[in-house]
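# A structural walkthrough
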Number of protein chains: 2
Amino acid sequence: MLNFNWQIPTKFIFGRGAESHAGEELKALGGTRALIHYGGGSVIRSGLMEKVTKSLDEAGVSYVLLGGAVPNPRDTKVYEGIDLARREKCDCVLAVGGGSAIDSAKAIAHGTVYDGDFWDFWCGRASVQKTLPLGCVLTLSATGSESSNSSVIMQESTHLKRGLATEFNRPKFALLNPEWTATLPPYQVACGATDIMAHVMERYFTNETHVTITDNLCEAVLKTVVEYAPIAVKNPADYDAQAEIMWAGTLAHNDTCGVGREGDWASHQIEHELSGLYDVAHGAGLAVVFPAWMRYTMRHNVMRFARFAVNVFGCEMDFERPEITALNGIERYESFLRSIGMPITFAELGAKAEDIPFLAKNVRRNPDGTTGHFVKLDTKAIEELLRIAVR
Amino acid sequence: MLNFNWQIPTKFIFGRGAESHAGEELKALGGTRALIHYGGGSVIRSGLMEKVTKSLDEAGVSYVLLGGAVPNPRDTKVYEGIDLARREKCDCVLAVGGGSAIDSAKAIAHGTVYDGDFWDFWCGRASVQKTLPLGCVLTLSATGSESSNSSVIMQESTHLKRGLATEFNRPKFALLNPEWTATLPPYQVACGATDIMAHVMERYFTNETHVTITDNLCEAVLKTVVEYAPIAVKNPADYDAQAEIMWAGTLAHNDTCGVGREGDWASHQIEHELSGLYDVAHGAGLAVVFPAWMRYTMRHNVMRFARFAVNVFGCEMDFERPEITALNGIERYESFLRSIGMPITFAELGAKAEDIPFLAKNVRRNPDGTTGHFVKLDTKAIEELLRIAVR
């Protein structure tokens, strides 16, 4: 087990009515005027925004609204938000939506109190030193952004997606009411579940040994998603199923499932290039990349994949031929993805095989030029891996 | 799933060398003079205290020492600590030790800045409104006090043990280095593991349904303890095993394994009377009480106990007679306790059957006069349950 630090200061309020705490929580953080960032009209139509703004009114916190958060959140929207927050003298930020709204809101919170270009942080040219207090009201279980230290933004002019990890990215509070996921399209629920599983699996496939507690926690979260995602996709209004997935999504990405080991984020890095280029849903991109990554890396540690197969998907262990079990687990994972309506091939995603060299070239690298840790992938390896996904 | 709030602000630094951060962490909290509370000479002999005080010296934080924390921590020591902290104008508290030192330190931190008698808080006559910043260096995996909201103190004159739950009880930081558990007597390691399992199981046995994510997390932690406790008891110097148990102990009692449901703390409440009267180790008392509690309550929800048997102890499910599986799980748990050297009968603990009416009478109750939630126990039920433990 590796040494680790772990601190999740985010305050979670989970369950029915959670959104009604927005005002008092912002006020407790010293907020007097909030920039509320959200996506499209769904949070208006559902009645959520009315409940949130009522809560701010009651707490005496004024606000300005900024809609237009989109999947693969854009730098252009962040610049707009920073301008608005400065002009309106906002002293706190509230995201209402899914990971895109929260990720943008993180960037707006940092950028508003920074003299330079916020993109400096995402490019590694500067590190965040201060930010505005940020809270969120979650409407989509997926990215874990509600308490994670990360935020992914796309530079619109180049279609490059870049992630930033910093403790300043953790929201001060997260209001999680599964009811607000009831009207989601099933496809979005499925994309979210796929993202959640990827967050856990990217921590699960590690070369570090003797971290059984974390392995067991990973499997606990994965099993929950495997059990409840099909139910929630079939009926997004199933509160119990959505509640299971919502809390799983939080635990998947606040490092509860990651301590004591080095994860492997190659799948996310590769996927960022896919969704950057084709503007597809992040979860759908992961559904294409992750099984290919597994097939490509399986032989690096067959027993690890066999464990995954047995403990997550309930496969029978083939003690004479563990590679059969390992492969069976990957196939079961692929079947699961298909069962919830996810694409798993390039064609299904709308991606093109001829773009593979371009995609592979742009994937974000470790300082040594490779991507990943479980298996270190160079450009050629990434290309081979992506060709598996062409199928 | 019930609505819940969850916030664990404690900063964890885990692994080799963790203790060397004590000074900088206290300083970051504004501490200039610490009361360091510890137990016996073991933290001196092991060299831990020297490393801790060196770290404080380097950070420019002065300190006074208060030894003498004992299992079942006494109110008398708390009063002594409060006097010392006031006299020496301490502005922060550092516990170095196990749950007893940390629980006492919590009481000292609250009491030092309170005008009345600190026992008011433990008796419910007053609620904590402020406290001194508190950190801890853990030397025993057991109580989870390093990040829990609870503290148990015994009033020496009456032998009554009382627990206090408040967010003010969560230490600001916890330094967890499994190396400092290497010289523990195996019996203490076993008592700690028993306590850890009880903390999880008291959350696991609930009447709330649709909290699969929490069920799965509970089983993840329990399986880890079942796997590694025998290894750590056999060889307390096994870093990997102690690391697994140490982190399990933290997760077991910071409500990671408890959200979304109502737990049942009858076993802890009943045990407090045993260790209060006989001054036995808390873990040993739990090893006697918990199996009896399980046998007494099993018929309330046979399938819950069957799940425990299958998912924690790997029992085969008897689908025709699930009560056989349920009972098998309890027997496996008893065998596990015996295998790590725990008592499971009144006689082995040094308790007396004739004290049962006295013990049962004093157990702390819910407002309705019963104890527990999974099954509500009145005095007669507690007596019957304890008679099972006489065996």
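If you're wondering where the values come from, they're calculated on a predicted model, not measured in any experiment.

## A short note on the confidence of the model for chain A
- Per-chain confidence: chain A averages 96 in pLDDT, with 100% of residues scoring 70 or above.
- Overall fold confidence (pTM) sits at 0.95, and the ipTM for the predicted complex is 0.94.

## Some points on the environment of B:L26
Residue and element names in this part refer to chain B.
- You can see L26 is positioned in helix α1 (residues 22-28).
- Along the sequence, L26 and L134 sit 108 residues apart, while their C-alpha atoms lie 8.1 Å from each other.
- If near-sequence neighbours (up to four positions away) are discounted, L26 is found in contact with G31, A34, L56, V61, C92, V93, L94 and F173.

## Brief notes about the side chain of A:D75
All names here are of chain A.
- As for its placement among the helices and strands, D75 is situated in helix α4 (residues 75-87).
- It turns out D75 is buried and unbridged, and the closest side chain with the opposite charge, R74, is 7.2 Å from it.
- Those residues within four positions of D75 in sequence are excluded, and the remaining contacts are F118, W119, I153, M154, Q155 and E156.

## Considerations on the relation of the copies chain A and chain B
- Superposing chain A onto chain B requires a rotation of 180° together with a translation of 0.0 Å along the rotation axis, leaving an RMSD of 0.0 Å. With respect to symmetry, the two chain copies, as superposed, fit the operation of a two-fold axis. Considering only C-alpha atoms, the part of chain A nearest the rotation axis is A:P9, at 2.2 Å.
- In this assembly the copies share their binding face: 100% of the residues contributing to the interface of chain A also contribute to that of chain B.

## Here we look at the sheet that holds strand β5 (residues 134-138) of chain B
- Ordered by their spatial adjacency, 12 strands build an open sheet running β3(A)-β2(A)-β4(A)-β5(A)-β8(A)-β1(A)-β1(B)-β8(B)-β5(B)-β4(B)-β2(B)-β3(B), and the pairing between neighbours is mixed. Across the chains shown, the open sheet's two edge strands, defined by having one partner strand only, are β3 (62-66) of chain A together with β3 (62-66) of chain B. Ignoring which end each strand starts from, the neighbouring axes of this sheet average 25° apart.
- Inspection of the sheet shows strand β1 (residues 4-14) of chain A paired to strand β8 (residues 173-176) of chain A by four bridges, in the parallel sense. For A:I13, the partnering residue across the bridge sits in β8(A) and is A:L175.
- Of the strands in this sheet, β2 (33-38), β3, β4 (92-97) and β5 (134-138) of chain A are in contact with helix α5 (residues 99-112) of chain A, which crosses β4(A) at around 170°.
- Set on the sheet, helix α9 (residues 239-253) of chain B makes contact with β1 of chain A together with β1 (4-14), β5 and β8 (173-176) of chain B; between it and β1(B) the angle comes to about 150°.

## Remarks on the pattern of salt bridges
- Scanning the model with the defined rule gives 42 salt bridges over all chains in all.
- A salt bridge links A:D368 to A:K376, with the shortest nitrogen-to-oxygen separation between them at 3.5 Å.
- The partner of B:D255 in a salt bridge is B:R203, and the shortest N-O contact between them spans 2.9 Å. On the criterion of sequence distance, the pair formed by B:D255 in the loop between α9 and α10 (266-278) and B:R203 in helix α7 (residues 186-204) is long-range, its members being 52 residues apart.
- Through salt bridges that share partners, A:D215, A:E219, A:R261, A:R304 and A:R307 make up one connected network.

Calculation criteria
Residues numbered from 1 in each chain as written. Chains lettered and ligands numbered in written order. Predicted model: local features only at pLDDT ≥ 70, side-chain atom pairs only at ≥ 80, totals over all residues. Heavy atoms only, no water. pLDDT = per-residue confidence, 0-100. Helix = DSSP H or I, 4+ residues; strand = E, 2+ residues; numbered from the N terminus. Contact = heavy atoms within 4.5 Å. Buried < 20%, exposed > 50% of the residue type's maximum accessible area, 1.4 Å probe, protein only. Lys, Arg positive; Asp, Glu negative; His and termini not counted. Salt bridge = Lys/Arg side-chain N within 4 Å of Asp/Glu carboxyl O. Least-squares fit on C-alpha atoms with pLDDT ≥ 70 in both. Pairing = 2+ DSSP bridges. Axes fitted to C-alpha atoms, helices over the stretch in contact; angles between N-to-C directions.

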